[in-house]
Amino acid sequence: MDAILLQILNGMDKGSAYALIALGLTLIFGTLGVVNFAHGALFLIGAFCAVTFSKILSLSHVVIDESQKDFLGNPLKVEVPYIYDMFGQATGDVIIDWAVPLSLLFTVPVMIAIGFAMERGLIKHFYKRPHADQILVTFGLAIVLAEIVKYFYGANPIPTPAPSAFAGSFDFGAMLGFDPNTIIYPYWRLVYFAFAAVIIGGVFAFLQFTTFGMVVRAGMADRETVGLLGINIDKRFTIMFGIAAAVAGVAGAMYAPINSPNYNMGMDFLVLSFVVVVVGGMGSLPGAVLAGFLLGILESFASMSVVLETLPGINQIIIYLVAIIILLTRPRGLMGRKGVMED
Amino acid sequence: MFGLNKKDAGLLIVVAILALAAPFILNPFPEGSAMAQFNAGYPDLMQRLVIFGIFAIGFNILFGLTGYLSFGHAAFLGVGSYAAIWMMKLLTMNVIPAIVVSIIIAGLFSLLVGFISLRRSGIYFSILTLAFAQMSYALAYSVLTPITGGETGLQPKYTDPRVLDKALEAGQQPRANLFGLEMNQGFQLEMGNWVFTFNAGYYIAAVVMLVAFYLSIRIFRSPFGMMLRAVKSNQQRMNYTGLNSKPYTLAAFVISGMYAGLAGGLLVAMDTQVGAERMFWTASGEVVLMTILGGAGTLIGPVLGAGFIKYMENIVSKINKSVLEQWFAFMPDGIEDVLVAIIYPFVGKGWHLTLGLLFMLVVIFLPGGLVEGGQRIGKMFRRRDANANSIEADAAEQRKPAAE
């Protein structure tokens, strides 16, 4: 029992990342009808927004500190982050410590801007082209974005720690009455899960309960008719693209402490997220979220040692295997709508 | 000639001449000159150019004709490589059985994958093939280590059984050969400052490539090729006329899988080692890039694309900062620094960036790839000379009607 609970928890954080990326992919597909292979790159850029932000915060200048002397009696040179000058040392330390959550303030506008630029500058010209062309051009864009990140940040993973308040692990077992230390779970992953739940809930609420969301949903169902009613649906879809980019971006930024970002992570996540989208059903938002969590949890179950003993290597292929079975038995995916890319 | 019409025979002869004279053509700059690093006339690179040409020709039979975009073709290349290396370990270092078996095994594997994947089309087909390729890669890396060598990969060893070969003497390296002719044999021809390398392995690969190219021309011109084009232009209409498209697409899939297996076998024949990274999905992406860059659905396009990308990979990635500074040394210092700073991110380690940008530009502005670019340039001249019957004109005829 405790082992099962542990695996479910372990699957949650990866599942959250899959779900967030898949949600963005589905939003873009559902609104614009574009298959965006560069979505993993947006996740990557989000993660590096967090890296950049924490680097900006710790930018420092050298000050000669008269109170500290080295062994010759000369005053020491100390690096002081600019942030100390602005807020004082105590507040400055807290801000640097909380760099990752604070970086969301920086990530969201950057990602929305990138999303707008991408949609207006490139994707717009590909609405009428075949899906293969859309896949190919966004695939090229993904390579370019990943290489730009590599040029500025190098090829090595950059560790980006979570705030020290979340550094420890939470002992679930003790809370639920199991032996202590059987089910422990890092706090930051809990935060990530909660964060993902809030974002997903927010996107759904936005689509469900606002006028803007209603128009977008109408546009997803029948773009032409909405256009004939005199609504500028293109503009709204561009905004949705920005939102989808921001969702992928914040997912990446918050994921940075879990997995040190490197320039390849976008592609790794993209391939899996595509599988997630297809399993969930092309164009279905709840399907994407459900499939994201489901596959994340399945993946962690498959890496249990009991399972691995009977089926060696299953943890490496489980997601693809499930995808193949689902695609062949339920052509629409788990929750796909009728008539959306059904061939 | 060989059952080809005049144009196709001309194209085949042009490709044959280019392939056989490649050691000269790819080595236009004298040794030791500043431009010598643009020379591509060394055996390793020339072999890669033609082998990936074969890979792309095969991929084009599937993607160019039927429009099914497979994102998992590297798996067949990898399977072919593993089959070839096992033949070399168990049977003989002669390349013939290795290559034949690699084609057969890759064909069988692609039959299995194709049979399942082709039940869907469009993006679902892409995802299915990608899933199969990623599964093969993951398994080759982990569980199948006894067969694939896992992370270290496989090489022929001194102690392997090799039932058909004579036992090697101590200290002798097992080398891939063709009835005694070793792949790395060759001779160098010195003419003034130029050094031309003629390599046995390259010529074997080039001859195989010409055969593969000839077969692909025949497929393009056959009724079977017509059927595949019908699948691309309108599958529904084809079904309504009472034709079942599945056997045709499956046949195309298996043929392109066998081409990939052939390329994998040749890679092993030239450089006797395999690693699982050959099956990673970026490798599948690369063959897609080659085909699109050259021009999908044209005969010559994939070969051009493969040559272009492999050349770039080897040459552009060798340019470093000091080379750039040397080039622009004649300019005033300020301008030199600016130029070096602008170009530097795109060369050396950054060549993937150049590749990505180039690929985007091609997809956006030249959906027909380099061949279409050639046609446009050709058109500018054709007004003057209406009878100029060039390769481009031939390619123009082949260009399929716009998809979907």
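Predicted model only: the values in this text are computed from it and were never measured.

*Asks:* Could you clarify how one ought to interpret the overall build of chain A in this entry?
*Replies:* A count of helical and extended segments in chain A gives 15 helices and 4 strands. Expected size for 343 residues packed as a compact globule is a radius of gyration near 20 Å; at 23 Å, chain A falls within 12% of this value. Summarising its shape, the C-alpha atoms of chain A cover approximately 80 × 55 × 35 Å along the three principal directions. Taken over 343 residues, chain A has a buried fraction of 45%. Pairs at least 24 residues apart make up 74% of the contacts formed inside chain A by residues separated by at least 6 positions.

*Asks:* What exactly am I supposed to notice about the confidence of the model for chain B here?
*Replies:* All names here are of chain B. Looking at chain B, the pLDDT average stands at 84 and 93% of residues meet or exceed 70. Within chain B, no element has a lower average pLDDT than helix H17 (residues 391-398), which sits at 53, and none a higher one than helix H10 (residues 246-270), at 94. Confidence drops under pLDDT 50 across residues 400-404; counting only partners more than four residues distant or on other chains, this segment forms 8 contacts. Here the prediction assigns the complex a pTM of 0.84, and the interface score ipTM is 0.80.

*Asks:* Hey, could you run me through the interface of chain A and chain B in this one?
*Replies:* Each side of the interface is counted separately: chain A has 33 residues, and chain B has 35 residues. Only helix H6 (131-153), helix H12 (265-280) and helix H15 (314-329) of chain A provide two or more residues apiece to the side of chain A that touches chain B. Of the residues forming the side of chain A that touches chain B, the biggest block, 14 residues, is contributed by H6(A). For the side of chain A that touches chain B, a count of residues per class yields 26 nonpolar, 4 polar and 3 charged.

*Asks:* Help me understand the pairing of strand E2 (residues 75-81) of chain A in this model?
*Replies:* Each regular strand shows side chains that alternate between the opposite faces of the sheet. Residues and elements named next belong to chain A. In this sheet, E2 lies alongside strand E1 (residues 60-69) in antiparallel orientation, the contact comprising 7 bridges. Note on E2: the bridge partner recorded for Lys 69 is Pro 75. Taking the residues that link successive antiparallel strands as the turn, the E1-E2 hairpin has 5 residues, and the phi of Gly 73 there is positive, at about 90°.

*Asks:* For this particular structure, what's the right way to read the nonpolar core?
*Replies:* Buried together is how nonpolar side chains tend to be arranged in soluble globular proteins. In this structure, Val275(A), Ile54(B) and Phe55(B) are the most contacted members of the largest nonpolar core, which totals 218 residues. When residues no more than four places from it in sequence are discounted, the contact partners of Val275(A) are Ile319(A), Tyr320(A), Ala323(A), Ile127(B) and Ala131(B).

*Asks:* What's the story with helix H16 (residues 369-382) of chain B in this structure? I'm lost.
*Replies:* Three- or four-residue spacings in an α-helix give side chains the same orientation, since the helix completes a turn every 3.6 residues. Along its 14 residues, H16(B) runs 20 Å from first to last C-alpha, staying within 8% of the 20 Å computed at 1.5 Å per residue. Every buried residue of H16(B) is listed here: Gly369(B), Leu370(B), Val371(B), Glu372(B), Gly374(B) and Gln375(B).

Cut-off values and rules
Residues numbered from 1 in each chain as written. Chains lettered and ligands numbered in written order. Predicted model: local features only at pLDDT ≥ 70, side-chain atom pairs only at ≥ 80, totals over all residues. Helix = DSSP H or I, 4+ residues; strand = E, 2+ residues; numbered from the N terminus. Rg over C-alpha atoms; globule rule 2.2 N^0.38 Å. Buried ≥ 20, exposed ≤ 12 C-beta atoms within 10 Å, placed from the backbone. Contact = placed C-beta atoms within 7 Å. pLDDT = per-residue confidence, 0-100. Nonpolar A, V, L, I, M, F, W, Y, C, P; charged D, E, K, R; others polar. Pairing = 2+ DSSP bridges. Core = buried A, V, L, I, M, F, W, Y, C linked by C-beta atoms within 7 Å. Expected span 1.5 Å × (residues − 1).

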